[in-house]
Amino acid sequence: MQFLFHKKQIICTDISSFFDPGKNIQVFVARLDQLHPIVSGNKIFKLAYYLQACKQLPEKALLTFGGAYSNHLVATAFACKACGIAATGIVRGEEPEQWSPTLLACKEYGMNLIFVSREAYKKMAASENNKVLLEQYNDPIIVPEGGYGKQGALGASHIMDLLSQQNATHICTAVGTATTLAGLSLAADKSQEIIGIPVLKNISDIPQRLSYLTGKPVLPNIQVFPNYHEGGYAKHTKNEIDFMNRFFEKTQIPTDFVYTGKLMLAISDLVNKNYFNTGSKIICLHTGGLQGNTGLPPGTLIF
Ligand SMILES: *Cc1c(COP(=O)(O)O)cnc(C)c1O
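Residue numbers here run from 1 along each chain, matching the order of that chain's written sequence. Note on the predicted model: pLDDT of at least 70 is required for a residue's local features to be given, and 80 or more for side-chain atom pairs to be given and counted; whole-chain, interface and lining totals, by contrast, use all residues. Values reported for side chains reflect all heavy atoms of the structure, with hydrogen atoms and water molecules removed beforehand.

### Focus on the site of the ligand
Step number 1: In this text, near means that some heavy atom of the residue lies within 4 Å of the molecule or strand in question. Surveying the vicinity of the ligand reveals 14 residues, the closest of which are Lys43, Gly176, Thr177, Thr180 and Thr287.
Step number 2: The separation between an oxygen atom of the ligand and a polar main-chain atom of glycine 176 is 2.7 Å.
Step number 3: To be clear on the numbers: accessible area is Shrake-Rupley with a 1.4 Å probe, and residue cover counts the displayed protein chains and nothing else. Computed on the free molecule, the ligand has an accessible area of 390 Å², of which 98% lies beneath the protein chains in the complex.
Step number 4: Here a helix means four or more residues in a row that DSSP labels H or I, a strand means two or more in a row labelled E, and each is numbered from the N terminus. Elements with a contribution of two residues or more to the shell around the ligand: helix H1 (43–56) and helix H7 (179–187).
Step number 5: Polar here means any residue outside two lists: the nonpolar Ala, Val, Leu, Ile, Met, Phe, Trp, Tyr, Cys and Pro, and the charged Asp, Glu, Lys and Arg; Gly therefore counts as polar. Its residues placed into classes, the shell around the ligand shows three nonpolar, nine polar and two charged. Within 3.5 Å is the distance limit for a polar contact, defined as a pair of N or O atoms, with the added protein rule that one can donate a hydrogen and the other accept it, and that residues adjacent in sequence qualify only through two side-chain atoms.

Written as structure tokens, this is what we have:
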């Protein structure tokens, strides 16, 4: 998977000065978003083992699922192209008159896009090793929506390899399917706290997801703060957008409104509420997703 990266190291940007110096903590943003301009962030890690398995197959076909703005879909399209894999993307909802920039990018990378109704999509995305899909699309490796699977979690655990020298006390990530969170928990040191910020409203099965994904009991060093979804998945509030703009002004780091904007808003709030002890070294994962901001009206963000 390393061959896909422009950079072999994750740059950690020190943003401690964004916070009140009296707190006496260090805060860094791990720029996974800069590993690659397109397959940025956590997605390439989650895909790594699926791609590897696919490359062994004679058919070299892979199929996955996503919405019209899905970071996962576009990352898969690009990674498959780079690996010589034939990719099919099942897209949620009827074909729109005007394709989103995400879908146009998927097409440019050669992904075969199939639009299905929301109901049909729900059924397809939920079933593992769907016989019809296997038969219809050349026996592909089926990657669950968002890379949600044991292979995905194992891939995500390699994010920690790139952060092992940092000696962080806390590692923080936005949570969608919880695959990245599971991966971090597989590789983190027992003394490190892992903080997850769900971007979905009312997601109540994170412990079950974690034990399925890791095959292990859920570790006590995982903390989930469920109240920073700012309206829910792919929704946003004025509060979040104002925060993202302010955050960019002060740190020059762009965030996305679906994931990393909510993450940084949450961590900033937790810092202000003195959640973190003096001396903490907090690493927030910039898991990428900036292409998703193309779904916002022009002028919403200052970057
Ligand atoms: C997909 C995604 C996540 C969520 O990762 P999960 O492993 O599904 O929890 C977080 N941040 C960004 C930018 C993403 O695109």
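### With respect to the packing of aromatic side chains
Step number 1: Stacked, edge-to-face and tilted are the three classes for Phe, Tyr and Trp ring pairs, Trp counted by its six-membered ring, which pair at centre distances within 6.5 Å; planes under 30 degrees apart are stacked, over 60 edge-to-face, the rest tilted. Scanning the entire structure with this criterion turns up 12 aromatic pairs.
Step number 2: Summarising the aromatic geometry, the rings of tyrosine 233 and tyrosine 259 are spaced 6.2 Å apart at their centres and angled 70° between planes, so their arrangement reads as edge-to-face. Of this pair, tyrosine 233 sits in the loop between strand E9 (222–224) and helix H9 (238–251) while tyrosine 259 sits in the loop between H9 and helix H10 (260–272), and the two are 26 residues apart along the sequence.
Step number 3: Since its relative accessible area comes to 15%, tyrosine 259 is described here as buried.
Step number 4: Here phenylalanine 248 and phenylalanine 303 contribute two aromatic rings whose centre-to-centre distance is 4.8 Å and whose plane-to-plane angle is 35°, an arrangement assigned as tilted. Highlighted residues: phenylalanine 248 in helix H9 and phenylalanine 303 in the segment after strand E10 (281–285), separated in sequence by 55 residues.
Step number 5: Judged by its relative accessible area of 17%, phenylalanine 248 is buried.
Step number 6: Here the aromatic residues Phe18, Phe19, Phe243 and Phe247 are joined through ring pairs into a cluster of three or more.
Step number 7: Across from the ring centre of phenylalanine 28, 5.0 Å away, lies the NZ or CZ of lysine 281, which sits over that ring. Here's how the labels work: a residue is buried when its accessible area is under 20% of the maximum for its type, exposed when over 50%, partly exposed in between, all with a 1.4 Å probe on protein chains only. Here, a charge over a ring is recorded when the distance from Lys NZ or Arg CZ to the ring centre is within 6 Å and its angle to the ring normal is within 35 degrees.

### Section: the sheet that holds E10
Step number 1: At least two bridges found by DSSP between two strands are what make those strands a pair. Here six strands make up an open sheet; going across it, the order is E1-E2-E10-E7-E8-E9 and the pairing mixed. Among the strands making up the open sheet, the edge pair consists of strand E1 (12–14) and E9. Averaged over all adjacent pairs, the angle separating strand axes in this sheet is 25°, with direction ignored.
Step number 2: As judged from the five bridges shared by strand E2 (residues 26–30) and E10, these two strands associate in the parallel manner. Here, axes are lines fitted to C-alpha atoms. For helices the fit covers the stretch in contact, and angles between N-to-C directions go from 0 to 180 degrees.

### A few points about the layout of surface pockets
Step number 1: Using a 1 Å grid laid over the protein atoms alone, points where a 1.4 Å probe fits but cannot get out form a cavity; open sets with protein on both sides within 12 Å along at least 5 of 7 lines form a pocket; any residue with an atom within 4 Å of a point counts as lining. Grid points are joined across faces, edges and corners, and a volume is the space filled by probe spheres set on the points. Empty space within the second largest pocket amounts to approximately 190 Å³.
Step number 2: What lines the second largest pocket is a set of 18 residues, and nearest its centre among them are Pro37, Ile38, Ser40, Leu290 and Gln291.
Step number 3: Of all the elements in the fold, those that place two or more residues in the lining of the second largest pocket are helix H2 (71–83) and helix H3 (101–108).
Step number 4: A class-by-class count of the residues in the lining of the second largest pocket yields eight nonpolar, eight polar and two charged.

### Regarding the pattern of salt bridges
Step number 1: Counted as salt bridges are all cases of a side-chain nitrogen of Lys or Arg within 4 Å of a carboxyl oxygen of Asp or Glu. Counted by the stated rule, this structure contains six salt bridges.
Step number 2: The closest approach of N and O atoms between arginine 209 and aspartate 205, which form a salt bridge, is 3.1 Å.
Step number 3: Among the residues examined, aspartate 205 registers a relative accessible area of 29% and is labelled partly exposed.
Step number 4: When the shortest N-O distance is used, the salt bridge between aspartate 269 and lysine 273 registers 2.8 Å.

### Considerations on the state of the cysteines
Step number 1: Defined by distance alone, a disulfide is two cysteine sulfur atoms within 2.5 Å. Going through the model one piece at a time under the given rule, you end up with zero disulfides.
Step number 2: Here cysteine 12 is not cross-linked by a disulfide; its sulfur's nearest cysteine counterpart is in cysteine 284, at 10 Å.
Step number 3: For the unlinked cysteine cysteine 54, the closest cysteine sulfur is that of cysteine 80, found at 6.3 Å.

### A closer look at the nonpolar core
Note that soluble globular proteins tend to have their nonpolar side chains buried in a common cluster.
Step number 1: Among the nonpolar cores identified, the biggest contains 56 residues, and Leu51, Leu113, Ile283 and Leu285 are the most heavily contacted of them.
Step number 2: Broken down by element, this core gets its largest block of residues, eight residues, from H2.
Step number 3: Apart from the residues within four sequence positions on either side, leucine 285 is in contact with Ala30, Leu32, Ile159, Leu163, Ile171, Cys172, Thr173, Leu184, Thr260 and Leu263.
Step number 4: By size, the runner-up hydrophobic cluster in this structure holds 33 residues, among which are Phe225, Ile241, Phe257 and Leu301. We define a nonpolar core as any set of buried Ala, Val, Leu, Ile, Met, Phe, Trp, Tyr and Cys residues linked to one another through side-chain atoms lying within 4.5 Å. A contact between two residues is defined here by any heavy atoms of the two lying within 4.5 Å.

### Brief notes about the pairing of strand E5 (residues 112–116)
Step number 1: Relative to E5, strand E4 (residues 86–92) is paired through five bridges, and the arrangement is parallel. Paired with glycine 89 across the two strands is leucine 113, which belongs to E5.
Step number 2: The crossover handedness rule: strands pointing away from the viewer, path from first strand over the helix to second strand clockwise, crossover right-handed. For the crossover that starts at E4, traverses H3 and ends in the parallel E5, the hand is right-handed.

### Digging into the packing of H7 against helix H8 (residues 206–214)
Step number 1: Interhelical geometry of H7 versus H8 gives an angle of 60° and a closest axis separation of 9 Å. Classified by the interaxial angle, the pair formed by H7 and H8 is oblique. In terms of crossing hand, the pair formed by H7 and H8 is right-handed. Residues Thr179, Leu181, Ala182, Ser185 and Leu186 of H7 pack against Ile206, Leu210, Leu213 and Thr214 of H8. Oblique is the label for every angle not falling under 35 degrees (roughly parallel), over 145 degrees (roughly antiparallel), or within 65 to 115 degrees (roughly perpendicular). Note: crossing handedness is left-handed where the near helix turns anticlockwise from the far helix by less than a right angle, and right-handed where it turns clockwise.

### Concerning unusual backbone geometry
Step number 1: Unusually for a residue other than glycine, asparagine 167 sits at a positive phi of about 50°.
Step number 2: Considering the arrangement of structural elements, one finds asparagine 167 in the loop between helix H6 (150–161) and strand E7 (170–175).
Step number 3: Judged by relative accessible area, asparagine 167 falls into the exposed class, the value being 61%.
Step number 4: Unusually for a residue other than glycine, alanine 234 sits at a positive phi of about 60°.

Geometric values such as these leave the question of function open.
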